[in-house]
Amino acid sequence: MHDIYIAQDSQICKAIFMAKVGRNAPCPCGSGKKYKKCCFLRQNGKTQSAEPQMRFTPVYTELDQLSNSVVDLIAQNKLDQAEAVSHRLLKDYPDQIDGLDRLAQVYEARDEKEKAVEYYRKAVNFARSMPGFDQVSIDWYLSEVNRIKSEK
Ligand SMILES: [Zn+2]
């Protein structure tokens, strides 16, 4: 039995089974963005307005926007830009995992599988060094390592 969370502002985010979803894993709505920066944020982020009848609007931090933009750039096949933003994430947010797993995605999109595996492994090590990092996401990074290795 899972708790079902209903997002108010998106049909796609209608039902999310929270117990199964890693906060750093891709959102189950299919956006490719991290769950915590997508439907989770829509559900639990701060609202921009105190008006109860206003539509719920999630507030994205610069980190969220940069991290999400890498997903969009990869989808548009703008891989050089996606890589540049990922490096900026690493540099500007060294205490966040985003730069590592985004770079892994960029390298996978480039079909540089060894590098993708290397960065997912870095993400696993980083996550394990962070107290309280959710295990579901760590498991997801590990499953990505195994998936890419099995495709080689
Ligand atoms: Zn979502």
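In this model, helix α3 (residues 79–92) (14 residues) spans 20 Å end to end at C-alpha, consistent with the 20 Å of a helix rising 1.5 Å per residue. Those residues of α3 that fall on the buried side of the exposure criterion are Leu-79, Ala-82, Glu-83, Val-85, Ser-86 and Leu-89. Looking straight down α3, one finds that the buried residues subtend no more than 165 degrees of arc, so they occupy a single side. Counted as exposed and oriented over 90 degrees from the buried face of α3: Asp-80 and Lys-91.

Ile-97, Tyr-119, Tyr-120, Phe-133 and Tyr-141 are the most contacted members of the largest nonpolar core, which has 20 residues in total. Breaking this core down by element, the ones donating at least two residues are α4 (98–109), α5 (113–129) and α6 (135–151). Element by element, the count of residues in this core is highest for α5, at 8 residues. When residues no more than four places from it in sequence are discounted, the contact partners of Tyr-141 are Asn-24, Lys-34, Ile-97, Asp-101, Tyr-120, Ala-123, Val-124 and Phe-133. Leu-66, Val-70, Leu-89 and Tyr-93 belong to the second largest nonpolar core, which has 9 residues in total.

In this section: the packing of helix α2 (residues 62–75) against α4. Each pair of packed helices gets described by two things: the angle between the helix axes and the distance between those axes. Where α2 contacts α4, the two axes come as close as 10 Å, and the packing angle between them is 5 degrees. Looking at the two axes, α2 sits roughly parallel to α4. For the pair α2 and α4, the contacting residues are Leu-63, Ser-67, Val-70, Val-71 and Ile-74 in the first and Asp-98, Arg-102, Gln-105, Val-106 and Ala-109 in the second. Along the lines of polarity and charge, the residues of the contact of α2 with α4 split into 6 nonpolar, 2 polar and 2 charged.

Inspection of every chain in the model, using the stated rule, returns 5 aromatic pairs. Their ring planes at 55 degrees and their centres at 5.5 Å tell us that Trp-140 and Tyr-141 sit as a pair that is tilted. A connected cluster of aromatic rings, assembled from ring pairs, spans Tyr-120, Trp-140 and Tyr-141. A cation over an aromatic ring shows up here: Lys-122 above the ring of Tyr-119, its NZ or CZ 4.5 Å from the ring centre.

What follows deals with the packing of α4 against α5. Interhelical geometry of α4 versus α5 gives an angle of 165 degrees and a closest axis separation of 8 Å. Relative to α5, the element α4 is oriented roughly antiparallel. Here α4 and α5 pass one another in a crossing that is left-handed. Listed contacts from α5 to Leu-100, Asp-101, Leu-103, Ala-104, Gln-105, Tyr-107 and Glu-108 of α4 are Lys-115, Ala-116, Tyr-119, Tyr-120, Lys-122, Ala-123 and Phe-126.

Cut-off values and rules
- Residues numbered from 1 in each chain as written.
- Predicted model: local features only at pLDDT ≥ 70, side-chain atom pairs only at ≥ 80, totals over all residues.
- Heavy atoms only, no water.
- Helix = DSSP H or I, 4+ residues; strand = E, 2+ residues; numbered from the N terminus.
- Expected span 1.5 Å × (residues − 1).
- Buried < 20%, exposed > 50% of the residue type's maximum accessible area, 1.4 Å probe, protein only.
- Arc of directions from axis to C-beta.
- Core = buried A, V, L, I, M, F, W, Y, C linked by side-chain atoms within 4.5 Å.
- Contact = heavy atoms within 4.5 Å.
- Axes fitted to C-alpha atoms, helices over the stretch in contact; angles between N-to-C directions.
- Parallel < 35°, antiparallel > 145°, perpendicular 65-115°, else oblique.
- Nonpolar A, V, L, I, M, F, W, Y, C, P; charged D, E, K, R; others polar.
- Phe/Tyr/Trp six-rings, centres within 6.5 Å; stacked < 30°, edge-to-face > 60°.
- Lys NZ or Arg CZ within 6 Å of the ring centre and 35° of its normal.
- Left-handed = near helix turned anticlockwise from the far one by under 90°.

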